[in-house]
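A closer look at the structure
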Amino acid sequence: MNILITGGAGFIGSHLCEHFLNQGHFVLALDNLCTGRLKNIEEFKSNPQFKFENVDVSKPLPAAISGLKKWDWIFHFASPASPPKYFSIPIETMTVNAEGTRHLLELARTTNAKFFYSSTSEVYGDPLVHPQPESYWGNVNSIGVRSIYDEAKRYAEAMIYSYHREFKVDVRVIRIFNTYGPKMDPEDGRVVTNLMFQALRNQPMTIYGDGKQTRSFQYVSDLVDGIDRLMKADYVLPVNLGNPDEFTILEFAEKVKQLVPTQSTLVFQPLPQDDPKQRKPIISLAKSLLQWEPKVKLADGLAKTLLYFKSSENN
Ligand code: UDP
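We now turn to the structure provided with this report.

Criteria and thresholds
- Residues numbered from 1 in each chain as written.
- Predicted model: local features only at pLDDT ≥ 70, side-chain atom pairs only at ≥ 80, totals over all residues.
- Heavy atoms only, no water.
- Near = heavy atom within 4 Å.
- Polar contact = N/O pair within 3.5 Å; in protein donor to acceptor, adjacent residues only side chain to side chain.
- Areas by Shrake-Rupley, 256 points an atom, 1.4 Å probe, with all protein chains shown as cover.
- Helix = DSSP H or I, 4+ residues; strand = E, 2+ residues; numbered from the N terminus.
- Buried < 20%, exposed > 50% of the residue type's maximum accessible area, 1.4 Å probe, protein only.
- Phe/Tyr/Trp six-rings, centres within 6.5 Å; stacked < 30°, edge-to-face > 60°.
- Core = buried A, V, L, I, M, F, W, Y, C linked by side-chain atoms within 4.5 Å.
- Contact = heavy atoms within 4.5 Å.
- Salt bridge = Lys/Arg side-chain N within 4 Å of Asp/Glu carboxyl O.
- 1 Å grid on protein atoms, 1.4 Å probe; cavity = no way out; pocket = protein on both sides within 12 Å on 5 of 7 lines; lining within 4 Å.
- Points joined across faces, edges and corners; volume = space filled by probe spheres on them.
- Nonpolar A, V, L, I, M, F, W, Y, C, P; charged D, E, K, R; others polar.
- Expected span 1.5 Å × (residues − 1).

1. Quick look at the site of the ligand
- What surrounds the ligand is a group of 17 residues, the closest being Asn178, Thr206, Tyr208, Arg215 and Asp275.
- At 2.7 Å from an oxygen atom of the ligand is found a side-chain nitrogen or oxygen belonging to arginine 215.
- Taken by itself the ligand offers 520 Å² of open surface, and the protein chains cover 97% of this.
- For the shell around the ligand, the secondary structure elements donating two or more residues are helix H7 (191-200) and strand E8 (205-208).
- When residues of the shell around the ligand are assigned to their parent elements, the largest contribution, 3 residues, is made by E8.

Right under this line is the structure:
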């Protein structure tokens, strides 16, 4: 197949490139490198089935991309995803999910490609329903700092289903819960990278708020497996992909300390505005539809991630 992946140099996008290259498909990765890293795709450069273009998909797509291939699948994964990153480039974050999504939907419509979108558990906001099923409409502050990301993703979902209803574009939408693994940007400012690097460097480990807020952490290979299964399924509505094992941030910090020998102690810092208090997916839809559930336990996934972080410390 001919597969287009936006955000192909990002954390999840680069894992998708690897997955599809291993299956023998042609992959064109687009990325403007605002948060993606060439390092993530370095290993594919010699593969004749792989091509990279530095393109900002929030601008109209270059004719070369529209005319290059008959696309089978278009994966739209380009977007900053960590709160500190999207706080720093709010307009870019909004436009890549708004105009970017529109441009790629147009490409899907005109080339008869299938369209796959990386939505997020952020569409549930600071949820009043716990855990979160796909049917929950969310609790989002439309003018809060996080609206940069969560409203942009919600707008993208609305645009996708408009294209589906109006033009019959075949779409897949996943709502991704916190995901971690090798190729995460050490500087992304998220809890996984911050705490692991702070522990490795014997620096204070930063806990925002009282650390009692919860998250559930999914290892990246489980996510890629879910994506692959959804592509093959005949289902157009959003599907949660996440690991339902839920931890407080304090428990997560303990897990990191068990794994990384460290002298670090915890320091408490203010909780960012609108930080969700809890987050845990209901994955019964993915289980029944895709026969999918996460396989990688947090301790095992963190151990693999640590190996990558240690090697990036030395390079
Ligand atoms: N967090 C923390 N210390 C850090 C970074 C994040 O306590 O150094 C908290 C953050 O406030 C949030 C949770 O960890 O409650 C997950 O944050 P992250 O930025 O990883 O992603 P989010 O799930 O909020 O998008």
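Next comes the rest of the write-up.
2. Thoughts on unusual backbone geometry
- Backbone torsion omega between histidine 130 and proline 131 reads -10°, so that peptide bond is classified as cis.
- The topology assignment puts proline 131 in the loop between strand E5 (114-120) and helix H6 (147-167).
- Positive phi values are uncommon outside glycine, yet aspartate 274 reaches one of about 60°.
- Tracing the chain through its elements places aspartate 274 in the loop between strand E13 (266-269) and helix H10 (284-290).
- You can call aspartate 274 partly exposed: its relative accessible area is 31%.
- Non-glycine residue glutamine 291 carries a positive phi angle of around 50°.
- Examined against the element boundaries, glutamine 291 turns out to sit in the loop between H10 and helix H11 (298-314).
- Residue glutamine 291 is classed as exposed on the basis of its relative accessible area of 57%.

3. Overview of the packing of aromatic side chains
- Counted according to the given criterion, the structure contains 17 aromatic pairs.
- Summarising the aromatic geometry, the rings of tyrosine 86 and phenylalanine 87 are spaced 5.3 Å apart at their centres and angled 85° between planes, so their arrangement reads as edge-to-face.
- Taking relative accessible area as the criterion, tyrosine 86 reaches 0% and is therefore assigned buried.
- Owing to a relative accessible area of 34%, phenylalanine 87 belongs among the partly exposed residues under this scheme.
- Members of the aromatic cluster, each reached through a chain of ring pairs, are Phe20, Trp73, Phe75, Phe77 and Phe116.

4. What to know about the nonpolar core
- With 56 residues, the main nonpolar core has Phe75, Phe77, Phe116, Ile174, Ile227 and Val256 as its most contacted residues.
- Excluding residues within four positions of it along the chain, phenylalanine 77 makes contact with Thr6, Gly7, Ile12, Leu16, Phe116, Ser118, Ile174, Ile176 and Ile227.
- Of all hydrophobic cores here, the second largest spans 27 residues; its members include Leu30, Leu61, Ile74 and Leu104.

5. What about the pattern of salt bridges?
- By the definition in use, this model includes 19 salt bridges.
- Two residues, glutamate 157 and arginine 175, come together in a salt bridge whose shortest N-O distance is 2.7 Å. Of this pair, glutamate 157 sits in helix H6 while arginine 175 sits in strand E6 (residues 171-176), and the two are 18 residues apart along the sequence.
- One salt-bridge network, held together by shared partners, links Glu122, Arg146, Arg215, Asp275 and Arg279.

6. A short note on the layout of surface pockets
- Considered as a void within the structure, the largest pocket measures approximately 790 Å³ in volume.
- As for the largest pocket, its lining consists of 46 residues, of which Thr35, Phe77, Ser79, Pro80 and Ala81 are closest to the centre.
- A class-by-class count of the residues in the lining of the largest pocket yields 15 nonpolar, 18 polar and 13 charged.
- Space inside the second largest pocket adds up to approximately 400 Å³.
- In terms of lining, the second largest pocket is formed by 25 residues, of which the most central are Pro83, Arg190, Val191, Tyr208 and Asp275.
- Going through the elements one at a time, helix H3 (83-88), H7 and E8 are the ones with two or more residues in the lining of the second largest pocket.
- Tallied by class, residues from the lining of the second largest pocket come to 13 nonpolar, 6 polar and 6 charged.

7. Things to note about H7
- Burial analysis of H7 places 8 of its 10 residues in the buried class, which makes it a mostly covered element.
- Every buried residue belonging to H7 is among Val192, Thr193, Asn194, Leu195, Met196, Phe197, Gln198 and Ala199, and all of these are buried.
- Just downstream of H7, asparagine 202 is the residue with a positive phi angle, here 55°.

8. Examining H11
- Taking 1.5 Å of rise per residue, the 17 residues of H11 would be expected to cover 24 Å, and the 24 Å separating its terminal C-alpha atoms lies within 8% of that figure.
- Turning to H11, its buried residues number three or more, namely Leu298, Gly301, Leu302, Thr305, Leu306, Tyr308, Phe309 and Ser312.
- Looking at the buried side of H11, the elements it contacts are strand E7 (179-180), H7, strand E10 (218-219), strand E12 (246-248) and helix H9 (249-259).

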